[in-house]
Amino acid sequence: MLEMYKKVVFENYANFKGRARRREFWLFTLLNIIISYGLLFLFMALAPKLSIISTLYSFAVLLPSIAVGVRRMHDVGKSGWYLLIPFYSLILACTEGEKKSNQYGSDPKNELEEIDEIGKE
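Everything numeric here is computed off the predicted structure, so don't read it as measured data. (Residues numbered from 1 in each chain as written. Predicted model: local features only at pLDDT ≥ 70, side-chain atom pairs only at ≥ 80, totals over all residues. Heavy atoms only, no water.)

Student: I would appreciate a short explanation of the overall build of the chain in the present structure.
Tutor: When helices and strands are tallied, the chain shows six helices and zero strands. Going residue by residue from the N terminus, the α and β elements of the chain occur as α-α-α-α-α-α. With the C-alpha coordinates of the chain rotated into their principal frame, the extents come out at 65 × 30 × 20 Å. Counting only contacts in the chain whose residues sit at least 6 apart along the sequence, the fraction spanning at least 24 positions is 58%. Here the chain displays about 8100 Å² of accessible surface, and carbon together with sulfur accounts for 67% of that area. (Helix = DSSP H or I, 4+ residues; strand = E, 2+ residues; numbered from the N terminus. Contact = heavy atoms within 4.5 Å. Areas by Shrake-Rupley, 256 points an atom, 1.4 Å probe, with all protein chains shown as cover.)

Right, here's the structure in full:
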């Protein structure tokens, strides 16, 4: 779970191209919420003046959050702009991605897809 978080935050910090599986998106979201609220509650209990650290963390992961959301929309075959439609984007984030290549890249679940396509030619 932490490996997936590190992959999104450090390796794909501002990568808006490609596709993100549901697992990648939801694990990142879950850990992001846990860390955000954990920092907030910790600093509010110990030193309220330091609660700004929670806000700084939230700003630091804003760009990776948007990037993984855009890649998630790409996985279901939609533009990243669909993130701006609140309930519909939530439904799309829960929907299984396209099982074949689409205009945003190959299926991240099927790593052998490219080999299969080469064999068909």
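Further notes follow.
Student: Hey, could you run me through helix α2 (residues 22–46) in this one?
Tutor: The periodicity of an α-helix, 3.6 residues per turn, causes residues three or four positions apart to be oriented the same way. Here α2 spans 36 Å end to end across 25 residues, near enough to the 36 Å set by a 1.5 Å rise per residue. Buried within α2 we find Glu-24, Phe-25, Leu-27, Phe-28, Leu-31, Asn-32, Ser-36 and Phe-43. (Expected span 1.5 Å × (residues − 1). Buried < 20%, exposed > 50% of the residue type's maximum accessible area, 1.4 Å probe, protein only.)

Student: Looking at this structure, I do not really get the pattern of salt bridges. What am I missing?
Tutor: Two side chains with opposite charge may pair up if their charged atoms get near one another. Tallied over the entire structure, the rule returns four salt bridges. With a shortest N-O distance of 2.9 Å, Glu-24 and Arg-71 are connected by a salt bridge. Of the two residues, Glu-24 sits in helix α2 while Arg-71 sits in helix α4 (residues 62–75), which places them 47 residues apart along the sequence. You'll find Glu-24 and Arg-71 in the same group, each marked buried. Between Glu-96 and Lys-99 there is a salt bridge, and its shortest N-O distance comes to 2.6 Å. For Glu-96, a relative accessible area of 35% translates into the label partly exposed. Connected via shared salt-bridge partners are Arg-19, Arg-72 and Asp-75. (Salt bridge = Lys/Arg side-chain N within 4 Å of Asp/Glu carboxyl O.)

Student: Quick question: what am I supposed to make of the side chain of Asn-32 here?
Tutor: Looking at where Asn-32 falls in the secondary structure, it is placed in helix α2. There is a polar contact of 3.0 Å between the side chain of Asn-32 and the side chain of Tyr-57. Beyond its immediate chain neighbours, meaning those up to four positions away, Asn-32 contacts Tyr-5, Tyr-57, Val-61 and Ser-65. (Polar contact = N/O pair within 3.5 Å; in protein donor to acceptor, adjacent residues only side chain to side chain.)

Student: How should I be thinking about a positive patch on the surface in this particular structure?
Tutor: Taken together, the side chains of Lys-7, Arg-21, Arg-22 and Arg-23 define a basic patch exposed on the protein surface. Counting through the fold element by element, Arg-23 comes out in helix α2. (Patch = residues over 30% accessible without salt bridge, like charges linked within 9 Å, V, L, I, M, F, W, Y side chains within 5 Å. Lys, Arg positive; Asp, Glu negative; His and termini not counted. Charge placed at Lys NZ, Arg CZ, Asp CG, Glu CD.)

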